[in-house]
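One letter stands for each residue in the lines below.
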Amino acid sequence: MSPYSYKINGGHKLCGDVNISGSKNAVLGVLAAAMMIDGVCNLENVPDISDVHVMIELCQTLGATIETEKAPEGSLTLHIDPRTINTYKATGAAVSKIRASYYLLGALLAREGKASLRMPGGCNFGQRPIDLHLKAFKAMGAKGANPENLNDGIITLEASPLKGAKVFFDIVSVGATINVMLAATKAQGKTVITNAAKEPHIVDVANFLNSMGAKIKGAGTDTISIQGVPVLPGNFSYSIIPDQIEAGTYMIAAAVTGGDVTIHNVIPTHMEPLSAKMREMGYIVDEDDDSIRVCKEEDAEITGTNIKTMPYPGFPTDLQPQAVVLMCLADGMSKMHENVWQNRFQYIPELLRMGADINVFDRIALVEGIKKFRGATVTATDLRAGAALVCAALAAEGTSYVTNAKKIDRGYEHIVDKLRSLGADIDRTEEVYYEQDEEA
Ligand code: UD1
């Protein structure tokens, strides 16, 4: 596919209704989990985004049979039969395209007793080690689970058998929690994870596995216990939860354009860390059972705020760049403290080109409110950074090009159509582009 950008003529208030798609991070974990079952399953509400297509391709390369059906509203339904898997190796180049390919380590260990994985890719915002995953697999009896066993970027683990263990994480890690949950589901005996991550997609992966026959308790709390089972019968349909980060991005897009948008198919409790901050800043955020309306009074004063990103239920790091855009258009000074990733402010030079006033001191960004963004040509340095730049461009005076837009399409289903339906002037174009990967 040719490189493309998003061209946005800013200054249109977003108004109307938008539907949120299935959660990217949940479906990536669930797809890996589906590779472990001993029957068939259907996955519904799967977002039609490029990361999902990469994960489907990875699973098919293992030998799994996956048929994709497009639902009328645009999402996908997958019919999955993993019984045709014929290898323990996930070592092709596609593995490096997404971070979540590391879930295949846990899934293949559980299924085959052996797993080979090329080191995963994903957004580059600082060191992204998998030492916690490996330490836990080692505790469960896997041989080869040392970073020094990397051979040409490939790690191979073997466990005969994989045994339940006590696993304590000294850092809260979403990926390690899910990976250990996967492996433990078919291990011999009981695994207890202490200081587990509590993100909504962890609960979704556990619910999926339980519906297939697993015995997982406590997902969504900091202690998860998993009683291993020899067989996961499957033969079930499962619907993926709504995407918390996509929903938050539309809430922020509505707010910064001074619009009035109702966001449907959300779980309002998942949005609380953002909703609370937005109310504190002066926006109206009204919740219903499965929708949230964001708007503001005509002459409401929007004030600056302080945010520190934290594991769930704290403020999500994946909404940090978008929230900085919100801060830019507030009165006075705001402070963003990035507490999860080492280097997640790479997009700030792009916002400065649009007129932002931000100073970064290590993991803290001090944001001085401005009246308006100016249109500019900017580059999506990663997925959520790209989404933030789209939000800024929607609010800006003049035309912006957000280049490297394929990064945004990793995680936002039909973003152009959805924003247009809310009144945005946005187009996909090959007029201006910049392939970041070629320069990196
Ligand atoms: C997941 C999300 C990502 C999100 C992040 C934090 C997916 C596919 N990606 O990434 O969008 O930004 O959670 O909410 O779901 N760490 C270690 N050793 C490890 C693992 C992690 O030190 O073995 C550290 C990381 O460097 C980071 C912190 O733990 O500082 C959190 O990382 P983690 O929760 O594991 O993030 P991911 O699962 O990779």
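Details of the structure are given in the entry above.
Scope of this entry: the structure provided in the associated data block. This structure is a prediction, so every number in the text was calculated from the model and none was measured. (Residues numbered from 1 in each chain as written. Predicted model: local features only at pLDDT ≥ 70, side-chain atom pairs only at ≥ 80, totals over all residues. Heavy atoms only, no water.)

## Quick look at the overall build of the chain
This is how the line gets drawn: Under the scheme used here, helices are H or I runs from DSSP no shorter than 4 residues and strands are E runs no shorter than 2 residues, and both carry numbers assigned from the N terminus. Atoms counted for the radius of gyration: C-alpha only. Globule rule: 2.2 Å times residue count to the power 0.38. To sort residues, take the accessible area from a 1.4 Å probe on protein chains only and compare it with the maximum for the residue type: under 20% means buried, over 50% means exposed, and anything in between is partly exposed. Contacts are assigned to residue pairs with any non-hydrogen atoms lying within 4.5 Å of each other. Residue exposure ignores everything except the shown protein chains as possible cover, and the areas themselves are Shrake-Rupley values with a 1.4 Å probe. Only four residue types enter the charge count: Lys and Arg as positive, Asp and Glu as negative, with His and the chain ends excluded. All charge positions are set by atom: Lys at NZ, Arg at CZ, Asp at CG, Glu at CD.
Counting its regular elements, the chain contains 14 helices and 23 strands. Taking 440 residues into account, the globule formula puts the C-alpha radius of gyration at 22 Å, and the chain, at 22 Å, falls close to it. Taken over the C-alpha atoms alone, the chain extends approximately 65 × 45 × 40 Å along its principal axes. Across the 440 residues that make up the chain, the buried fraction comes to 58%. In the chain, once contacts between residues fewer than 6 apart in sequence are set aside, the share between residues at least 24 apart is 72%. Taken as a whole, the chain presents about 17,100 Å² of accessible surface, with 47% of it coming from carbon and sulfur. One way to put it: in the chain the 41 positive side-chain charges average out to a point 8 Å from where the 53 negative ones average out.

## Quick notes on the site of the ligand
Put simply, the rule is: Working definition: residue near molecule or strand if any one of its non-hydrogen atoms lies within 4 Å of it. By the criterion applied in these results, polar contacts are pairs of N or O atoms within 3.5 Å in which, for protein atoms, one can donate a hydrogen and the other can accept it, and in which residues neighboring in sequence qualify only through two side-chain atoms.
Close contacts around the ligand come from 22 residues, with Tyr102, Asp131, Ser173, Asp318 and Val340 the closest. A distance of 3.3 Å separates an oxygen atom of the ligand from a polar side-chain atom of arginine 99. Measuring from an oxygen atom of the ligand, one finds a backbone N or O atom of valine 340 at 2.7 Å. Contact with the protein chains hides 89% of the accessible area of the ligand, taken as 740 Å² for the molecule alone.

## Some remarks on the pairing of strand S22 (residues 399–403)
Using the following cut-off: A pair of strands counts as paired when DSSP detects no fewer than two bridges linking them.
In terms of burial, S22 is largely enclosed, as four of its five residues are buried. Of the strand pairs in this sheet, strand S1 (residues 5–9) and S22 are connected by four bridges, and their pairing is antiparallel. Paired with isoleucine 8 across the bridge in S22 is serine 400. Where strand S21 (residues 377–379) lies against S22, three bridges are found, and the strand directions are parallel.

## Things to note about the pattern of salt bridges
In plain terms, the rule: Salt bridges are identified by distance alone: a Lys or Arg side-chain nitrogen within 4 Å of an Asp or Glu carboxyl oxygen.
Scanning the model with the defined rule gives 15 salt bridges in all. The partner of arginine 410 in a salt bridge is aspartate 51, with the nearest N and O atoms 2.8 Å apart. With arginine 410 in the loop between helix H12 (406–409) and helix H13 (415–421) and aspartate 51 in helix H2 (residues 50–61), this pair connects stretches of sequence that are 359 residues apart. A salt bridge links glutamate 280 to lysine 277, with the nearest nitrogen and oxygen atoms 3.5 Å apart. With a gap of three residues between them, glutamate 280 and lysine 277 both fall in helix H8 (residues 268–281), about one helical turn apart.

## Concerning the sheet that holds strand S18 (residues 333–337)
Inclusion rule: To define axes, lines are fitted to C-alpha atoms, for helices over the stretch in contact only, and angles between the resulting N-to-C directions are given on a 0 to 180 degree scale.
Read from one edge to the other, the open sheet built from four strands follows the order S17-S18-S20-S19, with strand pairing classed as mixed. With one partner strand each, in any of the chains shown, strand S17 (306–308) and strand S19 (357–361) form the two edges of the open sheet. The mean inter-strand angle of the sheet, taken between neighbouring strand axes irrespective of direction, is 15°. Sheet analysis places S17 next to S18, joined by three bridges and oriented parallel. Bridge pairing in S18 places isoleucine 307 opposite methionine 336.

## Considerations on the side chain of asparagine 45
Relative to the assigned elements, asparagine 45 resides in strand S3 (residues 41–46). Here asparagine 45 falls in the buried class, since its relative accessible area comes to 17%. Filtering out sequence-adjacent residues up to four positions away, asparagine 45 remains in contact with Ser21, Gly22, Ser75, Leu76, Ser239, Ile240, Ile241 and Asn265.

## Let's talk about the pairing of strand S10 (residues 190–194)
Our working definition: Orient the strands so they point away from the viewer; a crossover is then right-handed if the path from the first strand over the helix to the second runs clockwise.
Here S10 shows a clear split, with Thr191 and Ile193 buried on one side and none of Lys190, Val192 and Thr194 buried on the other. The pairing of strand S9 (residues 166–168) with S10 spans three bridges and is classified as parallel. From the neighbouring strand, valine 167 faces S10, where its bridge partner is isoleucine 193. Traced from S9 through helix H5 (residues 174–185) to S10, the parallel crossover comes out right-handed. In terms of strand pairing, S10 meets strand S12 (residues 223–227) through five bridges, oriented antiparallel. Note on S12: the bridge partner recorded for valine 192 is serine 225.

## Some remarks on the sheet that holds strand S14 (residues 260–264)
Spatial strand order, S2-S14-S16-S15: four strands in an open sheet with mixed pairing. Only two strands of the sheet have a single partner each, and these edge strands are strand S2 (15–19) and strand S15 (284–287). Ignoring which end each strand starts from, the neighbouring axes of this sheet average 15° apart. Judged from the four bridges that link them, S14 and strand S16 (residues 291–295) form a sheet pairing that is antiparallel. In the sheet register, isoleucine 263 faces S16, and the bridge partner there is isoleucine 292. In the packing of H8 onto the sheet, contacts are made with S15 and S16, and the angle to S15 comes to roughly 160°.

## Points about the nonpolar core
Soluble globular proteins tend to pack their nonpolar side chains together in the buried interior. Note the cut-off: Only buried residues count toward a nonpolar core. Its members are Ala, Val, Leu, Ile, Met, Phe, Trp, Tyr and Cys residues joined through side-chain atoms within 4.5 Å.
In terms of nonpolar packing, the biggest core is built from 84 residues, with Leu43, Leu104, Phe137, Leu182, Phe208 and Leu209 touching the most fellow members. Considering each element in turn, this core owes the most residues, eight residues, to helix H1 (residues 24–34). By size, the runner-up hydrophobic cluster in this structure holds 75 residues, among which are Ala254, Ala255, Ala356 and Leu389.

## Observations regarding the packing of aromatic side chains
For any pair of aromatic rings, geometry is given as the distance between the ring centres together with the angle between the planes. Rule in force here: Any two rings among Phe, Tyr and Trp, with Trp reduced to its six-membered ring, count as a pair given centres within 6.5 Å; such a pair is stacked if its planes are under 30 degrees apart, edge-to-face if over 60, and tilted if neither. Placement of a positive charge over a ring is assigned whenever Lys NZ or Arg CZ falls within 6 Å of the ring centre and within 35 degrees of the normal to the ring plane.
Under the counting rule described, the total for this entry stands at three aromatic pairs. When the centroid spacing of 6.2 Å and the interplanar angle of 55° are considered together, the rings of tyrosine 4 and tyrosine 6 count as tilted. The pair formed by tyrosine 4 and tyrosine 6 is uniform in burial state, with each residue classed as buried. Relative to tyrosine 238, the ring of phenylalanine 208 lies with its centre 5.6 Å away and its plane at 80°, an arrangement referred to as edge-to-face. With phenylalanine 208 in helix H6 (residues 200–211) and tyrosine 238 in strand S13 (residues 236–239), this residue pair connects regions lying 30 residues apart in the sequence. Across this residue pair, the class does not change: phenylalanine 208 and tyrosine 238 are buried. If you follow arginine 428 out to its NZ or CZ, it ends over the ring of tyrosine 4, 4.0 Å from the centre.

Fair warning: the whole summary comes from geometry, so function is off the table for now.
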